[in-house]
Structure formats: C-alpha cells, structure tokens
Amino acid sequence: MGCTSDQDSDNISTGFQHGHDDVKTLITSPRKKVHKCTESGCHAIFSTASKLRRHKRHHTGERPYICTHPKCTKSYMSSSHLKRHLKTHDITKTVYQCQHCPMKISNQDNLKRHYRRRHSVDSKSKISCGECGMTFNKKFHLTQHQAEHFGTTSYKCDKCDKSFSTNTKLSRHEKSHDRSYPCPVSGCSEVFQKFSHLRTHKKMKHVTEYHCDKCNKIFFLKSKLRSHLKIHSENRMVIPCPYENCDRAYLQKCNLDYHIKSWHLGQKYYCDICSAGLKSKSKLVLHIKRHYEPKERKKNKERKKRKDSGIPKKSVISKLIGCNFPHQLEKLLLARETTIQISESTDNLSNNEQVESTECAS
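Being a predicted model, the structure only gives us computed values, none of them experimental.

Cut-offs used in this document
- Residues numbered from 1 in each chain as written.
- Predicted model: local features only at pLDDT ≥ 70, side-chain atom pairs only at ≥ 80, totals over all residues.
- Heavy atoms only, no water.
- Helix = DSSP H or I, 4+ residues; strand = E, 2+ residues; numbered from the N terminus.
- Areas by Shrake-Rupley, 256 points an atom, 1.4 Å probe, with all protein chains shown as cover.
- Salt bridge = Lys/Arg side-chain N within 4 Å of Asp/Glu carboxyl O.
- Buried < 20%, exposed > 50% of the residue type's maximum accessible area, 1.4 Å probe, protein only.
- Polar contact = N/O pair within 3.5 Å; in protein donor to acceptor, adjacent residues only side chain to side chain.
- Contact = heavy atoms within 4.5 Å.
- Patch = residues over 30% accessible without salt bridge, like charges linked within 9 Å, V, L, I, M, F, W, Y side chains within 5 Å.
- Lys, Arg positive; Asp, Glu negative; His and termini not counted.
- Charge placed at Lys NZ, Arg CZ, Asp CG, Glu CD.
- Phe/Tyr/Trp six-rings, centres within 6.5 Å; stacked < 30°, edge-to-face > 60°.
- Lys NZ or Arg CZ within 6 Å of the ring centre and 35° of its normal.
- Expected span 1.5 Å × (residues − 1).
- Disulfide = S-S within 2.5 Å.
- pLDDT = per-residue confidence, 0-100.

Turning to the overall build of the protein, a few remarks are in order. Along the protein, the regular secondary structure elements total 14 helices and 18 strands. Summing over all exposed atoms, the protein offers an accessible surface of approximately 30,800 Å²; the carbon and sulfur share of this is 52%.

Moving on to the pattern of salt bridges. Pairing is possible between side chains of opposite charge, provided their charged atoms come close. According to the stated counting rule, one finds one salt bridge in the structure shown. Across the salt bridge formed by Asp257 and Lys253, the nearest N and O atoms sit 3.2 Å from each other. Of this pair, Asp257 and Lys253 both sit in helix H10 (residues 253-264), four residues apart, which is roughly one turn of that helix. Judged by relative accessible area, Lys253 falls into the exposed class, the value being 54%.

Quick look at the side chain of Ser78 now. Structurally, Ser78 can be placed in the loop between strand E4 (75-76) and helix H4 (79-86). Looking at Ser78, the relative accessible area reads 7%, which means it is buried. A distance of 3.3 Å separates the side chain of Ser78 from the side chain of Ser80, its partner in a polar contact. Sequence-distant contacts of Ser78, that is, excluding residues within four places in its chain, are made with Arg54 and Tyr65.

On the surface, Lys33, Lys51, Arg54 and Lys139 cluster together into a positively charged patch. The topology assignment puts Lys139 in helix H6 (residues 139-150). Judged by its relative accessible area of 63%, Lys139 is exposed.

Turning our attention to the packing of aromatic side chains. In the structure shown here, the tally under the stated rule is one aromatic pair. Between Tyr181 and Phe195, the ring centres sit 5.7 Å apart and the planes meet at 70°, which makes this aromatic pair edge-to-face. Of this pair, Tyr181 sits in strand E11 (residues 181-182) while Phe195 sits in helix H8 (residues 195-205), placing them 14 residues apart in sequence. Overall, the relative accessible area of 24% leaves Tyr181 in the partly exposed class. Look at Phe195 and you get partly exposed, because its relative accessible area is 47%. Over the ring of Trp263 we find Lys279, and its NZ or CZ is 3.3 Å from the ring centre.

A separate point is helix H3 (residues 49-60). Taking 1.5 Å per residue as the helical rise, H3 with its 12 residues ought to reach 16 Å, and the 16 Å between its terminal C-alpha atoms agrees with that figure. If you check which residues of H3 are buried, you get Leu52, His55, Arg57 and His59. Turning to H3, the residues buried within the fold contact strand E1 (35-36), strand E2 (45-46), strand E3 (65-66), strand E9 (155-156) and helix H7 (167-178). Downstream of H3 by one or two residues, Gly61 has phi in the positive range, about 80°.

Here Tyr243 lies in the loop between strand E15 (239-240) and strand E16 (249-250). The class of Tyr243 is partly exposed, set by a relative accessible area of 35%. Expressed as a C-alpha distance, the spacing of Tyr243 and Ile260, which sit 17 residues apart in the sequence, is 8.5 Å. Residues contacting Tyr243, with those up to four places away along its chain left out, are Ile260, His264 and Leu265.

Here we come to the side chain of His85. Within the element layout of this structure, His85 appears in helix H4. Take His85: its relative accessible area is 7%, and that puts it in the buried class. Within the structure, His85 has its side chain in polar contact with the side chain of Tyr76 (distance 3.0 Å). Residues within four places of His85 in sequence aside, it is in contact with Cys67, Cys72, Lys74 and Tyr76.

Relative to the assigned elements, Lys138 resides in the loop between strand E8 (135-136) and H6. In this structure the C-alpha to C-alpha distance between Lys138 and Lys126, which are 12 residues apart in sequence, comes to 7.4 Å. If we ignore the near neighbours within four places in the chain, the residues touching Lys138 are Arg113, Arg117 and Ile127.

This part takes up unusual backbone geometry. Peptide bonds are, in most cases, trans, and in most cases residues other than glycine have a negative phi. With phi around 65°, Asn216 is a residue other than glycine that occupies positive phi space. Within the fold, Asn216 resides in the loop between strand E13 (210-211) and strand E14 (218-219). Non-glycine residue Asn245 carries a positive phi angle of around 60°. The topology assignment puts Asn245 in the loop between E15 and E16. What makes Asn245 exposed here is its relative accessible area of 84%.

According to the stated counting rule, one finds zero disulfides in the structure shown. Here Cys183 stays free of any disulfide, with the sulfur of Cys188 as its closest cysteine sulfur at 3.7 Å. What makes Cys183 buried here is its relative accessible area of 8%.

Before going further, it helps to spend a moment on a nonpolar patch on the surface. On the surface, a cluster of nonpolar side chains totalling about 390 Å² of accessible area is made up of Val207, Ile218, Phe220 and Leu221. Judged by relative accessible area, which is 44%, Leu221 ranks as partly exposed.

Turning next to the confidence of the model for the protein. When pLDDT is averaged along the protein, the result is 76, and 79% of the positions lie at 70 or above. For the stretch residues 1-28, pLDDT sits under 50, and the model shows eight contacts to residues farther than four places along the chain or on other chains.

What follows is the structure, given as structure tokens:
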C-alpha cells in the first residue's frame, strides 16, 4: 500500500479531533470511474485503465494469454484465467466437492461461482431486466438480454451484412465463412459452406449403392446395410412373440412392437379421405397416393372374346318354340320385319300369331 499525502493525513487527524463519522468513508472511498469504453453501443465505465483494456478484449476478441501445455490450444483474456486453467493440467490437482449437491468442481473460483448460481438465496446479488423481469448473475448477461429487447446489435460481420449482440456470437458466425466442405467424390469440384448442403448434394448427385453379399439386396445407406447383415448372422438374437398360439419371431424389437400393435391389439391407421383402416403407416401412405395419382387408361387393350363366338345366332322365335331351324332360315328370321303393331286390336294380334305359326310349320 502506498503512503497517504500530508493533506490526507491532516484531514484524517482533523476528523478524529472533531469526531466526524465519515472518516472510514474518507479512507475507503471508491475511485471515480472515468475510463469509458469507446466502442459503439457500449456504455461500460471503469475506474482503472487496466480494467478498460481487459474489457476491450471482449470487443476485439484478443486472447494474449496462451496455454503452454503441449497439445492444448486454449487462450484467455486475463492472466488469472490462464492460471486457473493451468491447474487442470496438474496431475495432483485437487477436486472440490459441493456441500449441497454431488457436483465436483476443479477449482475454488468455479466452486464459488457454482454456489452463487445454484445455491445462493441472496436475491440482491442478481440483476433484473426492467422489461420482462428476468434476473441475471452478471451485468454483461443483462446487456446481451436487453439487446434482444431493443434490437441493438453492435458487432457486425466484415464479410456479410449480419450483426450480433455479443462478440462470441460474432466469432462463431465468422468461422462459417472460413469453413468449407468439398465433395469427396472424385471428379466433383463442388464446395459447400454447410455440411448439411454437402450431404444433400451427395444424396442427389452421387447415389451410392451398398450391396449385400448374402442376398444381393441393395441399400442406399451404409447403416441400413449393417442392420440388414444381422439377419444373416449365425448368432443372431431372435425375439419371439409373447402372445399364445403365435409362432412369429423377429430380430428387432421395433418389428415385434409393430406386429403386436397391428395383429394382436388391432391398431389401424385411418385414411382422412375415405376412412379406410390400414395396418401400417407405409400402407397408409401408399393408399393416400392412390387417391391423388391420375388413373392411367389402358391403351391398345385386346377385347375379350364372346362366350358364344363362332356359334350361329338364333332368333327369339326359335328359342321360344324350341325349333332348331337351319342357319339360312335363322338369318331370314333375324332380318325380317315384324308385322305386329301395338295399336291394333286383339283380333289382329291373333291373326298374326296364326301367320307366324304357319311359317314355322312350313
């Protein structure tokens, strides 16, 4: 500690002489916060320049304190954080047990933080948001939260138009610009920024078929082939159906569950269009597709032969009286013009019947 000046000592002695109560306040009075952060959108103020420099590293992302342990690439913004990290590489490191829960902590600082976050009942140490009432343990967490309320984003990406409320989110986003996923298929030069896009590209452009050596079945995923190969294994595990008088057995429990639901419990999947009940989702999907698929007309379909094809036709008269006329006479009877008229009297009808009977006799 540095020595106080003569003026300060005179003030203190004068305070004792006059019995002032603010002597303790005079000695322990905090320093004025005069060091302001110059970053846009940041209103942080600090009492010392060193604290301001440490704070600016949150904006710039600078981490000058690098771990010297081999195969460790971690770095930190302050020396105290680096010292705390170096303890994790110590073989004889001490583990701190929480007294309120089974959590084990690697150092005392993390143990204090754990007590403060999980087991502290002092609500005064927490900061609440004036908009929604949420509480936070640290001020910068509150600042990040309020940025979402007011839409203030002070961290902008240099490579695109996106902006973020925190530097960590910006750093995570900047890695997406440097990351690339080239297509591993020979002869393909496509490069993607997201792994999901590469996976979709391989499914659409480079379809790989996996063949089973035992039964020549084809699969488009290697995982499906591995699960299929269990069927051909000699030491495969078979799960029998637990219901009586049912001798079905399955290799996978999901297939057994499906069998029990559909056959023993009578579970069905109903169509929303025609209310038809089907035993599986796959059958329901195929059933619904049939509703929307246009019906294809069969072209150039050969007409079926008649059952009486090649047999001479008979007239109604020969069928009624049971006479077997020659083929030429049947043609005349079929081609003749009838003389029966509905508007005539019953006498005319009887005469016509006599005429037909004479024709039959001849």
